[in-house]
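Listed here are the chains, written in short residue letters.
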Amino acid sequence: MELRMEHLTKKYGEKIALRDFSYTFTPGIYGILGANGAGKSTLMNLITDNVKRNEGQILWNGTDILKLGKGFRALLGYMPQQQGMYNDFSARAFLRYMAEVKEIPKKQAREQIEELLDVVNLKADAHKKVGGFSGGMRQRVLLAQALLGDPQILILDEPTAGLDPKERLRLRQYISDLAQNRIVFLTTHIVSDIESIARDVLLMKNGQLVKHGTPESLIAECNGKDLEDVYMTYLGGS
Ligand SMILES: Nc1ncnc2c1ncn2[C@@H]1O[C@H](COP(=O)(O)OP(=O)(O)OP(=O)(O)O)[C@@H](O)[C@H]1O
Ligand SMILES: [Mg+2]
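Description of the structure in this document.

The next thing to look at is the packing of helix α4 (residues 91-101) against helix α6 (residues 135-147). Put simply, α4 and α6 touch, their axes get as near as 10 Å, and they point 30 degrees apart. Taken together, α4 and α6 sit at an angle that is classed as roughly parallel. Two packed elements cross with a definite hand, and for α4 against α6 that hand is right-handed. In contact with A91, F94, L95 and M98 of α4, α6 contributes V141, L142, A144 and Q145.

As a further point, take the site of ligand 1. Around ligand 1 lies a shell of 14 residues, among which G37, K40, S41, T42 and Q81 are the nearest. Notes on ligand 1: free accessible area 630 Å², of which the protein chains cover 64%. The set of elements that each furnish at least two residues to the shell around ligand 1 consists of β2 (15-25) and α1 (40-47). Residue contributions to the shell around ligand 1 peak at three residues, all from α1. A breakdown of the residues in the shell around ligand 1 according to their chemical character gives four nonpolar, seven polar and three charged.

Our next topic: the sheet that holds strand β4 (residues 55-60). One open sheet holds the four strands; their spatial order is β2-β1-β4-β5, and the pairing between them is antiparallel. Each edge of the open sheet is held by one strand with a lone partner, namely β2 and β5 (63-64). The pairing of strand β1 (residues 3-12) with β2 spans seven bridges and is antiparallel. Bridged to M5 within β2 is Y23. The strands that α1 touches are β1, β2 and β4; relative to β1, the one it contacts most, it runs at about 120 degrees.

Around a metal, the perfect tetrahedron of four donors has angles of 109.5 degrees, and the perfect octahedron of six donors has angles of 90 or 180 degrees. The coordination sphere of the magnesium ion (ligand 2), as far as protein atoms go, consists of S41 (OG) and Q81 (OE1), spread over 2.0 to 2.2 Å. One end of the pair, S41, is in helix α1; the other, Q81, is in the loop between β6 (76-79) and α4, with 40 residues separating them in the sequence.

What follows is about the layout of surface pockets. Here the largest pocket defines a volume of roughly 520 Å³. What lines the largest pocket is a set of 19 residues, among which R73, A74, L76, V101 and K102 lie closest to the centre. Sort the elements by how many residues they give to the lining of the largest pocket and β6 lands first, with three residues. When its residues are assigned to classes, the lining of the largest pocket shows nine nonpolar, six polar and four charged. When residues of the lining of the largest pocket are assigned to domains, at least three map to each of domain 1 (3-75 + 152-235) and domain 2 (86-151).

Glancing now at the sheet that holds strand β3 (residues 28-34). The six strands lie next to each other as β6-β7-β8-β3-β9-β10, forming an open sheet whose pairing is mixed. Every other strand in the sheet has two partners, leaving β6 and β10 (208-213) as the edge strands with one partner each. When the angles between neighbouring strand axes are averaged without regard to direction, this sheet yields 15 degrees. Where β3 meets strand β8 (residues 183-188), six bridges bridge the pair, whose relative direction is parallel. Its bridge partner lying in β8, L33 is registered against T188. Across the sheet, α6 lies against β6 and β7 (153-157), angled at about 170 degrees from β6, the strand it touches most.

In this section: the nonpolar core. L33, V141, L148, L156, I175 and V201 are the most contacted members of the largest nonpolar core, which has 50 residues in total. Mapped onto the domain boundaries, this core takes at least three residues apiece from domain 1 (3-75 + 152-235) and domain 2 (86-151). Counting 28 residues, the second largest nonpolar core, distinct from the first, contains I32, A38, V51 and L76.

This brings us to the packing of aromatic side chains. Summed over all chains, the structure comprises 11 aromatic pairs. With a centroid separation of 4.7 Å and 70 degrees between ring planes, the pair formed by F25 and F185 is classed as edge-to-face. Linking F25 in strand β2 with F185 in strand β8, this pair joins segments that are 160 residues apart in sequence. Residue classification places F25 among the buried positions, given a relative accessible area of 0%. The cationic tip of K10 hangs over the ring face of Y12; the distance from NZ or CZ to the ring centre is 4.9 Å.

The rules we used
Residues numbered from 1 in each chain as written. Chains lettered and ligands numbered in written order. Predicted model: local features only at pLDDT ≥ 70, side-chain atom pairs only at ≥ 80, totals over all residues. Heavy atoms only, no water. Axes fitted to C-alpha atoms, helices over the stretch in contact; angles between N-to-C directions. Helix = DSSP H or I, 4+ residues; strand = E, 2+ residues; numbered from the N terminus. Parallel < 35°, antiparallel > 145°, perpendicular 65-115°, else oblique. Left-handed = near helix turned anticlockwise from the far one by under 90°. Contact = heavy atoms within 4.5 Å. Near = heavy atom within 4 Å. Areas by Shrake-Rupley, 256 points an atom, 1.4 Å probe, with all protein chains shown as cover. Nonpolar A, V, L, I, M, F, W, Y, C, P; charged D, E, K, R; others polar. Pairing = 2+ DSSP bridges. Donors = N, O, S within 2.8 Å, 3.2 Å for Na, K, Ca; no water. 1 Å grid on protein atoms, 1.4 Å probe; cavity = no way out; pocket = protein on both sides within 12 Å on 5 of 7 lines; lining within 4 Å. Points joined across faces, edges and corners; volume = space filled by probe spheres on them. Domains from an automatic or database assignment. Core = buried A, V, L, I, M, F, W, Y, C linked by side-chain atoms within 4.5 Å. Buried < 20%, exposed > 50% of the residue type's maximum accessible area, 1.4 Å probe, protein only. Phe/Tyr/Trp six-rings, centres within 6.5 Å; stacked < 30°, edge-to-face > 60°. Lys NZ or Arg CZ within 6 Å of the ring centre and 35° of its normal.

Right, dumping it as structure tokens:
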């Protein structure tokens, strides 16, 4: 299982949102760190083919994902940074709807949805309309949605935004458990979200990958005590 990116570039007009990005991902959690505007969401949107690349390739086990099309998209679970929800739907109904969109068989979907509602700690509120949910509760519904269909590639764009510390910790633990035999992308600017769970950390700045490595190697290399020091060393000026 390998997702390889080669010389990926994305421009918006004159603005280069992602510049010559190359990396090979195999199962594990990848923490993508960077300040606002660093290009994190752009990278995620290129994997999901929500935006068109200008240059480069994304290869899934050697084949370009654009060639694989729907077959590749079926492997993806995506929690976008911003997403509208149908406010009149209950959490459960929203998940059922998303399962239909993903063409998951009904019986399987029903089981998965109950399991996921449990995981994101929303079982008690699952019958309530998401329009009345708090930001953190909405976030958890969106995470559950991304996990439908047991995706091999999971893209979580700032999944912990708006979560309280207790839910953040729960989520971190859960994501860590999920990463067996799955490629997980987790973008954040909160280093503690990924410190203990990321296999590799990718530091991005102005659309470029400026540094990457295991948390331990990065910390050692900058003589720091934690990832916070790594962030400040390589991204502190941004
Ligand atoms: N649809 C768009 N049109 C024009 N410019 C865009 C668009 N999307 C992103 N950009 C620009 O591309 C750059 C990278 O943006 P991106 O959203 O990838 O950053 P990010 O690292 O996800 O930031 P954040 O932490 O704020 O989510 C920014 O300069 C942004 O202004
Ligand atoms: Mg973003």
